[in-house]
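Remarks on the overall topology
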Amino acid sequence: MLLRKIFTRRISCTRTQIRIPQFGFSAHFGSRRSVRNNEEIEDKRDADSREDFAYSEVLRPGPKWQRKPYLTPMKVLIRRAKEEKLARKLNPCRVLESAPENGLLVPDLIEVAHQVYNARESLLHGLIMLVEGEAAMPINKCRFCSEVHIGHIGHEIRSCEGPNSGMRNSKHLWRRGGIKDIIGLPYCYHLYDRVGKPRVGHKERFGVKRLPAIVELCVQAGLDLEAYPTKRRTKPVYSIEGRIVDFEPGEDTDTLVENKPRTGNHIVVPAFLEDRRLEDGETISELSARTLKSWLDMRSGAVTLMKKYSVITCGYCPEVQVGPKGHKVRLCKATKHQSRDGLHAWQEATIDDLIRPNYVWHVRALDGPPLANGLKRYYGKAPAIVELCVQAGAPIPKQYESMMRLDVVPPAPDEYDLVV
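Residues numbered from 1 in each chain as written. Predicted model: local features only at pLDDT ≥ 70, side-chain atom pairs only at ≥ 80, totals over all residues. Heavy atoms only, no water.

A few points about the overall build of the chain
As a reminder, the rule being used: Strands are runs of DSSP state E lasting at least two residues, helices are runs of H or I lasting at least four, and both sets are numbered from the N terminus onward. When a residue's accessible area, from a 1.4 Å probe over protein chains only, is under 20% of the maximum for its type it is buried; when over 50% it is exposed; and in between it is partly exposed. Only heavy atoms matter for contacts: two residues are in contact if any of them lie within 4.5 Å across the pair.
When you go through the chain residue by residue, the secondary structure sums to 11 helices and 13 strands. By residue count, 39% of the 420 residues in the chain fall in the buried class. Taking the contacts inside the chain whose residues are at least 6 apart along the sequence as the reference set, 73% of them involve residues at least 24 apart.

The structure is reproduced here in structure tokens:
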């Protein structure tokens with residue numbers, strides 16, 4: 001027995017000695033295989049992402065009780081706040097050098113502000129002609145929700161979330177729509193001095209004018225309107241322990257306005273025709289193309305302005321305010337407003353908060369059959385203003401071709417049972 005145990009131990013030791021290089025050999029080549037497999041997986045993911053890019057989906061809005069996603073991560077915001085607090089302690093009295101935080105205008109964006117305002121006026125003029133004028137297009141609006149459809153007959157997609165939608169099996173009840181249903185331009189409070197007094201109190205809500213937020217953005221960027229005066233400075237302001245101090249309060253406001261940078265831009269005021277007729281020699285397709293170009297120019301210019309001039313929105317409701325800080329008007333009625341005493345939960349806004357696109361389903365023909373609920377995965381979407389102009393004869397913009405799914409052919413009505 002003793003000899004048998006000793007013999008088996010020696011055999012096991014020799015086996016382990018022989019197997020050690022085999023483990024290292026397999027591990028060495030196994031790592032290469034894993035690297036190759038990872039590279040193949042990444043290549044497949046890139047190919048899939050390229051294929052999926054051809055069909056960009058419209059993100060559905062989250063539930064009403066959930067807050068909007070932050071444009072900048074919270075960790076970055078906390079780090080910025082700590083850095084500002086530390087800089088304030090190291091240098092309590094300092095001159096703000098960067099515009100527009102110091103109260104001065106950004107010279108390169110004054111022309112952009114005028115272009116955005118002119119594009120907005122041209123867009124409204126074109127919408128009046130396409131919705132209420134001689135070249136009126138059929139627009140349907142749901143009676144209980146914000147759904148909009150462009151066509152003679154409303155679609156049959158069951159997506160209504162309005163009151164008593166369960167009793168109607170989520171079907172829409174259509175009626176005639178208007179310009180406000182095509183494009184959403186929210187209003188905000190006008191700030192006379194965006195740096196010296198950036199907030200509007202709750203008791204001041206009736207004494208401060210309200211105007212479209214896109215117009216307020218243009219006014220703060222350098223546009224001058226008689227109905228909405230604003231203070232223009234020639235010297236930067238000081239920051240003393242986080243508070244803004246202006247050392248030229250005794251100067252007259254008129255002198256400040258006269259010393260502002262002058263440009264060769266002019267405000268184009270469209271002539272809204274009472275008879276809603278087309279101009280001489282202009283077709284409906286040309287009018288729709290001009291209106292669509294105004295929409296694209298307004299959005300691109302607004303994105304450029306928002307990189308310098310802050311625009312904030314409420315995290316729970318559609319309220320928007322242009323300026324460094326939000327107002328203190330207690331009118332929020334969204335989720336958790338009791339814990340905030342009616343105040344808005346301000347956060348950084350996106351371009352869709354400033355100019356609401358209001359996505360609609362794309363139809364290939366206005367006189368065609370209504371869109372079926374069972375085939376909604378074959379239909380594309382587009383902003384209402386884009387769909388309206390495209391149906392009127394404007395060319396389709398490249399950035400919306402993938403969203404509208406033009407290369408997808410939906411099944412015929414007699415093929416419903418074969419694909420659903």
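More follows now that the structure is in view.
Description of the pairing of strand 2 (residues 139-142)
Inclusion rule: One bridge is not enough; two strands pair if DSSP finds at least two bridges between them.
Going residue by residue along strand 2, you find Ile139 and Lys141 tucked away on one face and Asn140 and Cys142 tucked away on the opposite face as well. Pairing of strand 2 with strand 3 (residues 148-150) involves 3 bridges; the strand directions are antiparallel. Paired with lysine 141 across the bridge in strand 3 is valine 148. Where strand 2 folds back onto strand 3 in an antiparallel hairpin, the turn is made up of 5 residues. For strand 2 and strand 4 (residues 174-176), the ladder comprises 3 bridges, and the chain directions are antiparallel. In the strand pairing of strand 4, asparagine 140 is matched with arginine 176.

Some remarks on the environment of tryptophan 295
Mapped onto the elements, tryptophan 295 comes out in helix 7 (residues 284-306). The spatial distance from the C-alpha of tryptophan 295 to the C-alpha of isoleucine 385 is 7.9 Å, given a sequence separation of 90 residues. The residues touching tryptophan 295, leaving out its near neighbours within four places in the chain, are Leu123, Ile183, Ile355, Pro357, Pro383, Ile385, Val386 and Tyr400.

Description of the sheet that holds strand 9 (residues 311-314)
Basically, it comes down to this: Simply put, an axis is a line fit to the C-alpha atoms, just over the touching stretch for a helix, and the angle between two N-to-C directions goes from 0 to 180 degrees.
Across the sheet, which stays open at both edges, the 3 strands sit in the order 10-9-11 with antiparallel pairing between neighbours. Two strands in the sheet have a free side with no partner beyond their single neighbour: strand 10 (320-322) and strand 11 (346-348). For this sheet, the mean inter-axis angle between neighbouring strands, taken without regard to orientation, is 35°. Relative to strand 10, strand 9 runs antiparallel, the two sharing 3 bridges.

With respect to the packing of helix 7 against helix 9 (residues 384-391)
Applied cut-off: Here the word oblique covers every angle except those under 35 degrees (roughly parallel), over 145 (roughly antiparallel) and from 65 to 115 (roughly perpendicular). Two helices crossing with the near one rotated counterclockwise from the far one by less than a right angle form a left-handed crossing, whereas a clockwise rotation gives a right-handed crossing. By the convention adopted, Pro, Cys, Tyr, Trp, Phe, Met, Ile, Leu, Val and Ala count as nonpolar, Lys, Arg, Asp and Glu as charged, and the other residues, Gly among them, as polar.
Remark: helix 7 packs on helix 9, axes separated minimally by 8 Å, with the N-to-C direction vectors making an angle of 160°. It follows that helix 7 is roughly antiparallel to helix 9 by the angle criterion. Our pair here, helix 7 against helix 9, has a crossing hand that is left-handed. Here helix 7 contributes Ser288, Thr291, Leu292 and Trp295 to the contact with helix 9, which in turn contributes Ile385, Val386 and Cys389. Here the residues of the contact of helix 7 with helix 9 are counted per class, giving 5 nonpolar, 2 polar and no charged.

As for the confidence of the model for the chain
The line we're drawing: pLDDT measures the predictor's confidence residue by residue and takes values from 0 up to 100.
Scored by pLDDT, the chain has a mean of 80; 77% of the residues are at 70 or more. Counting interchain partners and residues more than four positions distant, the pLDDT-below-50 stretch residues 47-53 has 1 contact. Low pLDDT, under 50, characterises residues 251-275; the predicted model gives this stretch 33 contacts beyond four residues in sequence or across chains.

Observations concerning the pattern of salt bridges
Stated precisely, the cut-off is as follows: Whenever a carboxyl oxygen of Asp or Glu lies within 4 Å of a side-chain nitrogen of Lys or Arg, that contact is scored as a salt bridge.
Under the definition given, this model contains 9 salt bridges. Between arginine 120 and glutamate 121 there is a salt bridge, and its shortest N-O distance comes to 2.7 Å. We classify arginine 120 as buried; its relative accessible area is 12%. Classification of glutamate 121 by relative accessible area gives buried; the value is 9%. Residue aspartate 341 pairs with arginine 330 through a salt bridge whose shortest N-O separation is 3.4 Å. With aspartate 341 in the loop between strand 10 and strand 11 and arginine 330 in the loop between strand 10 and strand 11, this residue pair connects regions lying 11 residues apart in the sequence. The class for arginine 330 is partly exposed, based on a relative accessible area of 40%.

Things to note about helix 7
Residues spaced three or four apart along an α-helix point in a common direction, a consequence of the helix completing one turn every 3.6 residues. Note the following rule: A helix is expected to reach a length of 1.5 Å times the quantity of its residues less one.
In a regular helix each residue adds 1.5 Å, so 23 residues correspond to 33 Å; helix 7 covers 33 Å between its end C-alpha atoms and thus fits that length. Within helix 7, the full set of buried residues consists of Leu287, Ser288, Thr291, Leu292, Ser294, Trp295, Met298, Arg299, Gly301, Ala302, Leu305 and Met306. Taken together, the buried residues of helix 7 touch helix 3 (107-131), helix 5 (213-221), strand 9, helix 8 (351-354), strand 13 (381-383) and helix 9.

Here's the deal with unusual backbone geometry
With the exception of glycine, most residues fall at negative phi, and the peptide bonds are largely trans. Omega for the bond connecting alanine 99 with proline 100 falls within 30 degrees of zero, at 10°, which places this linkage in the cis form. By the element assignment, proline 100 lies in the loop between strand 1 (93-95) and helix 3. In this structure, asparagine 358 takes a positive phi of about 60° despite not being glycine. One can find asparagine 358 in the loop between helix 8 and strand 12 (359-361).

Section: a nonpolar patch on the surface
As a reminder of what qualifies: Surface patches are defined over residues having more than 30% relative accessible area and no salt bridge, joining like charges when they lie within 9 Å and nonpolar side chains (Val, Leu, Ile, Met, Phe, Trp, Tyr) when within 5 Å. Only the protein chains shown count as cover for residues, and all accessible areas are computed by the Shrake-Rupley method using a 1.4 Å probe.
Taken together, the side chains of Tyr70, Met74, Leu77 and Ile78 define a hydrophobic patch exposed on the protein surface, amounting to about 330 Å² of accessible area. Within the fold, tyrosine 70 resides in the loop between helix 1 (2-52) and helix 2 (74-90). Judged by relative accessible area, tyrosine 70 falls into the partly exposed class, the value being 36%.

A word on the pairing of strand 9
The two faces of strand 9 match: Val311 and Thr313 on one face and Ile312 and Cys314 on the other face are all buried. Inspection of the sheet shows strand 9 paired to strand 11 by 3 bridges, in the antiparallel sense. Counted as the bridge partner of cysteine 314 is tryptophan 346 from strand 11.

Some details on the nonpolar core
What tends to happen in soluble globular proteins is that the nonpolar side chains get buried as a cluster. Formally: We call a set of buried Ala, Val, Leu, Ile, Met, Phe, Trp, Tyr and Cys residues a nonpolar core when their side-chain atoms join them within 4.5 Å.
Within the largest apolar cluster, 71 residues are counted, with the highest numbers of intra-cluster contacts made by Ile214, Leu217, Trp295, Leu354, Ile355 and Leu388. Top element by residues in this core is helix 3. It accounts for 13 residues. Those residues in contact with isoleucine 214 that sit more than four places away from it in its chain are Val116, Arg120, Leu185, Ala302, Leu354 and Ile355. Cys314, Tyr316, Cys317 and Ala345 belong to the second largest nonpolar core, which has 6 residues in total.

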